[in-house]
Every structure is written in C-alpha cells, then in structure tokens.
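# Examination of the molecular architecture
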Amino acid sequence: MENLWLAGLGSYVPEPFPAERAVAEGRYDLEDWKNSGWTGAAVAGNISAPEMAVVAANQALDRSGHDRDDVSLLLHASVGDQGPDGWSPHHYILRHTVGGTIPAMEVRQGCNGVLASMELAHGYLSAGPGRSAALVTGADNFGVDRFDRWRYSSGTNTNRGSIIGDAATAVVLSTRDGFARVRAMNSASLPELERMNRPDGPLFPPALTFDRPVDVAGRLTGFSRRFPQEAAAAKRSLSDARTELALRTIAEAGVAAADIVRSTHVFSGGEGYIRSVLQPIGIDPARGMLGLGRGLGHLTVSDHLVALNHLVASRQVGPGDHVLMISNGVGVSLAAAVVEITAVPAWATGAPEAFRETV
C-alpha cells in the first residue's frame, strides 16, 4: 500500500464502571462475570456519541500536523443509535471539527466500521490530486434501555462473554507523513452468515425495538438451536477466513507473523478468544490487548484505535515495530491492517492516557 500514513490519533474513553459493582447491583449475571474475565466497562453517561467523536477528532487533528483545510473527507462509523431519527451525526461532527463543504458520510459496518472507513478513505485519497488527508471517527454510547451492556450477549458462547463499553476514537489519515505507515489493508465478507444476526420474521415492516431491548443474544442462540450444524460450520468458516485474511495482509506488508510486535483485536475479558484469533496466525496471544480491553468492555468500532492509541502513547511500540489490526463484525465482515510505527509522536509521553470523567 502506497502513501498512507496515520498522522494523528484521538480518543474519548470514559471512566470504567466496575463489573463487580454491576454484579452487586443485579445488572450483570454472577456466573457470566466469573466465566468472562471482564473487570469493567467504560460508561459515558449523558454525552452523545457524536459529541464524544468531536472530542476525539479534534485531539487527532491537533496531533496530526495537518491544517483543518487539508482534510478532504470525513467518515463516521458507529453501531448504536447516534441521535434523533432522520438526523446526520456525521455532519454534526464535520461542523464541529474541520467545517467547510467536504463530503461527510456515515459507515455502518458493525464493529469493523473504523477499519472499513480507513480503507474507504484510502481509496478516496488515491482517486484525485491534492487530497492529502482524511478524518475517520467512530463512536458509540450504549447507555440507553435498548441495549443491555451487561447482558447483551449472555449465553451466546462467543468465547469472550461480551459486555459493551462506550468510547469514541478518531484518526487522521495522510498521504504526506505521519507517525505510522499503513503497509497493507484488506477486508472481506461472509454474507452467508448474515442470518445469524437476523431475528425471525419478515424484514418488512421493520421490527421496531423501542419498547424492548435489542435481543442480540436471542438471535444468536436461536440460530444455533435451529441450525446446529450450520452454526458450527459458521464458527469454523469465520475463524478460517479471519486467519486467511490476516496472513494475506501480513504477507502483503512484506513481513512475517514473527515480526508482529503487538496485535489489536475485538476486546475480550479472557485469553481464550484472543488465543483463538492470534494463535492460528502464528502470533503469541500475549501480544494482544487483554490487559487493556478487559477493563473497558467491547468498545464496538473503537477497540482498535483505543488499543493503538494506548500502545503508542505508552511507548509500548516504537519505530520499526509492526502492529496487526485484525477484526470481524456483524454481517459477517472481516478486516485486517498492518501498520509500521515510523516515529515517536510528541504526544507519546510514555504513560497511558487517563480516562475521562463521565458527564
């Protein structure tokens, strides 16, 4: 991949709510907690996802070395509700960051949203002269009744017992320079698996869930109960496709699995999931992000950039180090990228960034 750099990173990660306290208050099942390894979930309080994205975006812009006039595209990724129906959160973010008349678009690619947006932004930057920078943001706040952050995947046997955390992240992509170079990036789909996340019933009229929580767990367990052989095959095909994509991306980057110093992934409370993702690639699970992720919850679109921001800010990676970003999302979609750290940015103080207080 030619001329694509990470010029600036930004994040908004609120203070984690302790999992033990959630159990004591009856929000989180005791057995789920004991089996999962999660220690907390970041809870944002009464700040919207787009407002968090604005904070993360302006931090990334300030760190990037680019003027705001350099930015020619804004892409915003999310999974959950962003605000009022019929409203465009991406234009709100544009208004409060770079402004102007550049295209701003929303990307819905499940938990792969930010990585997918980075790949799309690269295509846009490569398509015309004078396009030197793009801004990608991602944000979610699940502090609404439609999503039960502590139970949304209870009983689904996902190998990571997910709970959901709130966060926002941003990255400024540059064709000019940066602290890290994107050496390779790929994505893929397994569309035959989309029915795992589709509830029973017709697609029209759309099933509204404003009067009840979104039953993610029920969809997955229902599919496994009705189609046990297909469910087992889906798990294998997902694992095989994710491994193939990662190995192909590593090869395209011109390195080997042994050269990957750290890897970002969907956050997990325990090592089992991380082992299932990294070992088939030939990467020691200890190079994953267990210690960081288990205290924050699964941050949907923001897992990867929160992890990368943490690694760079705390100087756990430095010039010459390669980081693999490997992910899968609802759909099923897959994404992978290899970035090479080329410089220590001024904002890398050697200590992890502090959590933000909830609003």
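The paragraphs below set out a description of the structure included in this document.

Rules and cut-offs
- Residues numbered from 1 in each chain as written.
- Predicted model: local features only at pLDDT ≥ 70, side-chain atom pairs only at ≥ 80, totals over all residues.
- Heavy atoms only, no water.
- Core = buried A, V, L, I, M, F, W, Y, C linked by side-chain atoms within 4.5 Å.
- Buried < 20%, exposed > 50% of the residue type's maximum accessible area, 1.4 Å probe, protein only.
- Helix = DSSP H or I, 4+ residues; strand = E, 2+ residues; numbered from the N terminus.
- Contact = heavy atoms within 4.5 Å.
- Expected span 1.5 Å × (residues − 1).
- Pairing = 2+ DSSP bridges.
- Axes fitted to C-alpha atoms, helices over the stretch in contact; angles between N-to-C directions.
- Phe/Tyr/Trp six-rings, centres within 6.5 Å; stacked < 30°, edge-to-face > 60°.
- Lys NZ or Arg CZ within 6 Å of the ring centre and 35° of its normal.
- Polar contact = N/O pair within 3.5 Å; in protein donor to acceptor, adjacent residues only side chain to side chain.
- Salt bridge = Lys/Arg side-chain N within 4 Å of Asp/Glu carboxyl O.

Within the largest apolar cluster, 54 residues are counted, with the highest numbers of intra-cluster contacts made by Leu6, Leu173 and Phe267. Counting residues per element, this core draws most heavily on helix 10 (residues 303–313), at seven residues. If near-sequence neighbours (up to four positions away) are discounted, Leu173 is found in contact with Leu4, Trp5, Leu6, Met118, Ala121, Leu125, Ser132, Ala133, Ala134 and Val136. Core analysis: the second largest hydrophobic core is formed by 29 residues, Leu193, Ala234, Leu245 and Val266 among them.

Right, let's talk about helix 5 (residues 113–126) for a bit. For helix 5, built from 14 residues, the straight-helix expectation of 20 Å at 1.5 Å per residue is met to within 8% by its first-to-last C-alpha distance of 20 Å. Among all positions in helix 5, only Gly113, Val114, Leu115, Ala116, Ser117, Met118, Ala121, His122 and Leu125 are buried.

To continue, consider the sheet that holds strand 1 (residues 5–12). Across the sheet, nine strands lie side by side as 5-4-6-7-1-8-11-10-9; this open sheet has mixed pairing. Each of the sheet's edge strands pairs with one partner strand only, and the pair in question is strand 5 (104–107) and strand 9 (260–264). Direction aside, the axes of adjacent strands within the sheet are offset by 25 degrees on average. In this structure, strand 1 lies alongside strand 7 (residues 167–174), joined through seven bridges in antiparallel fashion. Bridge pairing in strand 7 places Ser11 opposite Thr169. Helix-sheet contacts for helix 3 (residues 49–64) involve strand 1, strand 4 (71–77), strand 6 (133–140) and strand 7, and the interaxial angle to strand 1 is about 140 degrees. Contacts between helix 7 (residues 228–252) and the sheet are confined to strand 8 (180–189), strand 9, strand 10 (322–329) and strand 11 (333–341), with strand 11 contributing the most and set at about 30 degrees to the helix.

Compared with the 22 Å implied by 1.5 Å per residue over 16 residues, the 22 Å span of helix 3 between its first and last C-alpha is a close match. When we look at burial in helix 3, the residues that qualify are Ala49, Pro50, Met52, Ala53, Val54, Ala56, Ala57, Gln59, Ala60, Leu61, Arg63 and Ser64. Its buried side turned inward, helix 3 meets strand 1, strand 4, helix 4 (89–95), strand 6, strand 7 and helix 10. A positive phi of about 80 degrees marks Gly65, the residue just after helix 3.

On to the packing of aromatic side chains. Any two aromatic rings considered together are summarised by their centre-to-centre distance and by the angle between their planes. Within the structure shown, the criterion is met by four aromatic pairs. The ring centre of Trp347 lies 4.1 Å from the NZ or CZ of Arg63, which sits over that ring. Directly above the ring of Tyr124 sits Arg131, whose terminal nitrogen or CZ lies 4.0 Å from the centroid.

As a further point, take the side chain of Asp166. Within the secondary structure, Asp166 sits in the loop between strand 6 and strand 7. Side-chain polar atoms of Asp166 contact the side chain of Arg149, separated by 2.9 Å. Setting aside anything within four residues of it in sequence, one finds Asp166 in contact with Pro14, Ala42, Val43, Ala44, Asp140, Asn141, Phe142, Gly143, Arg149 and Leu299.

The subject of this paragraph is the pattern of salt bridges. Enumeration according to the criterion identifies eleven salt bridges in this entry. The salt bridge involving Arg68 is made with Asp62; its shortest N-O contact spans 3.3 Å. Between Glu340 and Arg183 there is a salt bridge, and its shortest N-O distance comes to 2.5 Å. You can see Glu340 sitting in strand 11 and its partner Arg183 sitting in strand 8, a full 157 residues away along the chain.

Here the focus is the pairing of strand 5. The side chains of a regular strand alternate between both faces of the sheet. Sheet topology places strand 4 next to strand 5; four bridges connect them, and they run parallel. Bridge pairing in strand 5 places His76 opposite Glu106.

You can see Thr249 is positioned in helix 7. A polar atom in the side chain of Thr249 sits 3.1 Å from the side chain of Asn186.

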